[in-house]
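Next come the chains, spelled out residue by residue.
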Amino acid sequence: MPSISTKPAGQAFIGLGSNLENPLFQIRQAISLLAELPDSRLIKQSSLYRSAPMGVVDQPDFINAVVHIETALMPQALLRALLEIERRCGRIRTYPNAPRTLDLDLLLYDDLQCHEEGLVLPHPRMHERAFVLQPLMEIERDCKIPGQGLVSELLAACTEQRLECISPS
C-alpha cells in the first residue's frame, strides 16, 4: 500500500457505484485501485449496498459503497485520479444518470467547500441520497456535510429510497 508523503494529508470520502459488467467485481476492483493511489492510504471502506437507480429508473440496480482515504493529493489531483480509475474500468459517459461500469465521486475533502470547474465540494446532491449517506455514516458515525448538517439527520429524510446492505464490511 502506498505511503503518505511528507505533504499534509487530507481526509477524503469517495462514493462508488456500478450497475454494469458485474457491479460487485467493479466495486471491489475500484477499492483495490483506490488503495494503490500515490501518496494515499485507504483508511476504511463501508459495506456494499444495493440501491434503486435515481433519475433514469429503467436500468439495473446499483451496487454502492463509500471509502475513506487519507491523501496528500490535492482535491483536483485526486479527482483526476478518480476519473482515470473510472476510465481504466471501462466507464463511458453517454448521458447524465446513464448505466455505468463505475462511478467514483469525490464526496468530501476535509471540510472544504468549493465550486471550481469540474469540482464541487461537498458533492452536490449527496445529502439527498441514501446510497451515499448510509455507507458514509457507517464508516464515519458523526460525519457532518459542510453547509448541510449531520449525515444521520440527512439520512432520516431519505426513508423512501430503497437500500439494502448486501455485504457487511
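Residues numbered from 1 in each chain as written. Predicted model: local features only at pLDDT ≥ 70, side-chain atom pairs only at ≥ 80, totals over all residues. Heavy atoms only, no water.

A. Local environment of the overall build of the protein. A count of helical and extended segments in the protein gives four helices and ten strands. Secondary structure elements of the protein occur, N-terminal to C-terminal, as β-α-β-β-β-α-β-β-β-α-β-β-α-β. Relative to its length of 169 residues, the protein is compact, with a C-alpha radius of gyration of 15 Å against a globular reference of 15 Å. Burial analysis of the protein (169 residues in total) assigns 49% to the buried set. Within the structure as shown, the protein displays about 8700 Å² of accessible surface, and the carbon and sulfur contribution to it stands at 51%. For the protein, the separation between the mean place of its 16 positive charges and that of its 21 negative charges on side chains is 3 Å. (Helix = DSSP H or I, 4+ residues; strand = E, 2+ residues; numbered from the N terminus. Rg over C-alpha atoms; globule rule 2.2 N^0.38 Å. Buried < 20%, exposed > 50% of the residue type's maximum accessible area, 1.4 Å probe, protein only. Areas by Shrake-Rupley, 256 points an atom, 1.4 Å probe, with all protein chains shown as cover. Lys, Arg positive; Asp, Glu negative; His and termini not counted. Charge placed at Lys NZ, Arg CZ, Asp CG, Glu CD.)

B. Structural detail: the nonpolar core. If you look at the biggest cluster of nonpolar residues, it comprises 30 residues, and the most contacted ones within it are Leu-16 and Leu-78. The biggest single contributor to this core is helix H1 (residues 23-35), with six residues. If we skip the residues at most four places from it in the chain, Leu-78 touches Ala-12, Leu-37, Ile-69, Thr-71, Leu-73, Leu-106 and Tyr-109. Formed by 18 residues, the second largest nonpolar core is a distinct cluster that contains Phe-13, Leu-107, Leu-133 and Leu-154. (Core = buried A, V, L, I, M, F, W, Y, C linked by side-chain atoms within 4.5 Å. Contact = heavy atoms within 4.5 Å.)

C. Quick look at the side chain of His-123. One can find His-123 in the loop between strand S7 (119-121) and helix H3 (130-139). Those residues in contact with His-123, other than ones at most four positions away along the chain, are Asp-105, Leu-106, Leu-107 and Arg-129.

D. Fine view of the pattern of salt bridges. Applying the stated criterion across every chain, the model contains eight salt bridges. The closest approach of N and O atoms between Arg-41 and Glu-70, which form a salt bridge, is 3.0 Å. Placement of Arg-41 in strand S2 (residues 40-45) and of Glu-70 in strand S4 (residues 62-71) is noted, with a sequence separation of 29 residues between them. Between Arg-50 and Glu-164 there is a salt bridge, and its shortest N-O distance comes to 3.3 Å. Here Glu-164 lies in strand S10 (residues 163-167) and Arg-50 lies in strand S3 (residues 48-51), a separation of 114 residues in the sequence. (Salt bridge = Lys/Arg side-chain N within 4 Å of Asp/Glu carboxyl O.)

E. Highlighting the pairing of S4. Counting buried residues along S4, ten of its ten residues qualify, which places the element largely inside the surrounding structure. Here S4 shows a buried face lined by Phe-62, Asn-64, Val-66, His-68 and Glu-70 and a second buried face lined by Ile-63, Ala-65, Val-67, Ile-69 and Thr-71. Across nine bridges, strand S1 (residues 10-18) lies against S4 in antiparallel orientation. Considered in S4, the bridge of Ser-18 is made with Ile-63. Looking at chain direction, S2 and S4 are connected through five bridges and run antiparallel. Note on S4: the bridge partner recorded for Leu-42 is Ile-69. Bridging between S3 and S4 involves three bridges; their strand directions are antiparallel. Residue pairing for S4: Ser-51 is matched across the bridge by Phe-62. (Pairing = 2+ DSSP bridges.)

F. Main features of the state of the cysteines. One pass over the structure, following the stated rule, counts zero disulfides. In this structure Cys-158 is not part of a disulfide, and its nearest cysteine sulfur, from Cys-143, lies 14 Å away. Accessibility expressed as a relative area gives 7% for Cys-158, which makes it buried. Unpaired in terms of disulfides, Cys-165 finds its nearest cysteine sulfur in Cys-158, a separation of 17 Å. (Disulfide = S-S within 2.5 Å.)

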